[in-house]
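# Report on the structure
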Amino acid sequence: MEIIAFLNQEWMLVSTLAALILIYGWRERVKNGQPVTTAQATALINADSAIWLDVRESKEFEAGHIVEAINIPHGKVAERLNELDKYRDKTIIVVDKLGQHAGSIGRMLGTKEFDVRRLSGGISEWQNQGLPLVK
């Protein structure tokens, strides 16, 4: 009951804190590479203004990947960053299995001044929508 009394008395303070938490969450999400849907990502690729960077392990990539995707496993992106330099004029769409590594890779590429997006839901969402994979 004391918490309810505190919230009633300090509603302005609590509201400000909630707003700051929301702003922080939004900024962190964008800093990791703005999420894009499969349709938005496909439109960027079709306009020849983006490339796919698949950060899954090589075995997963070989089992099925998006056409023309570049595979650099998430644990090796930092050491193989120079391979992406030729794509600085394009948006890099980071793809992983479910979205678990795309944020950290997006943040790393963003600090190196790449234009980065993350495929929402990863390759699993791509497959759920019945979109093609190649082997």
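In case you missed it, the structure is sitting above this.
The written sequence of each chain sets the order in which its residues are numbered from 1. Residue-level local features of this predicted model are given only where pLDDT is at least 70; pairs of side-chain atoms are given and counted only at 80 or more, and the full residue set underlies all totals for whole chains, interfaces and linings. Only heavy atoms go into the side-chain values, all of them from the structure, while hydrogens and water stay out.

## Points about the overall build of the protein
Helices and strands together make up the secondary structure of the protein, namely 6 helices and 5 strands. For helices the rule is a DSSP run of H or I covering at least 4 residues; for strands it is a run of E covering at least 2, with both sets numbered from the N terminus onward. Secondary structure elements of the protein occur, N-terminal to C-terminal, as α-α-β-α-β-α-β-β-α-β-α. Throughout, the radius of gyration refers to the C-alpha atoms, and the reference size of a globule is 2.2 Å times the residue count to the power 0.38. For the protein, the C-alpha radius of gyration of 19 Å lies well beyond 14 Å, the compact-globule estimate for 135 residues. Principal-axis analysis of the C-alpha atoms places the extent of the protein at approximately 60 × 30 × 30 Å. Here the term buried applies to any residue with accessible area under 20% of the maximum for its type, exposed to any over 50%, and partly exposed to those in between, with areas from a 1.4 Å probe on protein chains only. In the protein, which comprises 135 residues, the share counted as buried stands at 33%. Whether two residues touch is decided by their heavy atoms; if any such pair falls within 4.5 Å, the residues are in contact. Of the contacts made within the protein by residues no fewer than 6 positions apart, 66% connect residues no fewer than 24 positions apart. Areas reported as accessible are Shrake-Rupley estimates using a 1.4 Å probe. Residue values count occlusion only from the protein chains shown. Summed over its atoms, the accessible surface of the protein is roughly 8600 Å², and 56% of this surface lies on carbon and sulfur atoms. Working convention for charge: Lys and Arg count positive, Asp and Glu count negative, and His plus the chain ends are omitted. By convention, the point assigned to a charge is CZ for Arg, NZ for Lys, CD for Glu and CG for Asp. For the protein, the centre of its 16 positive side-chain charges and the centre of its 17 negative side-chain charges are spaced 2 Å apart.

## Describing helix α5 (residues 102-111)
Taken together, the buried positions of α5 are occupied by A102, G103, I105, G106 and L109. On an axial view of α5, the arc spanned by its buried residues comes to 165 degrees, and they lie on one face. E113 occupies a position one or two residues after α5 and carries a positive phi of about 70 degrees. This arc is built from the directions going out from the helix axis to the C-beta atoms.

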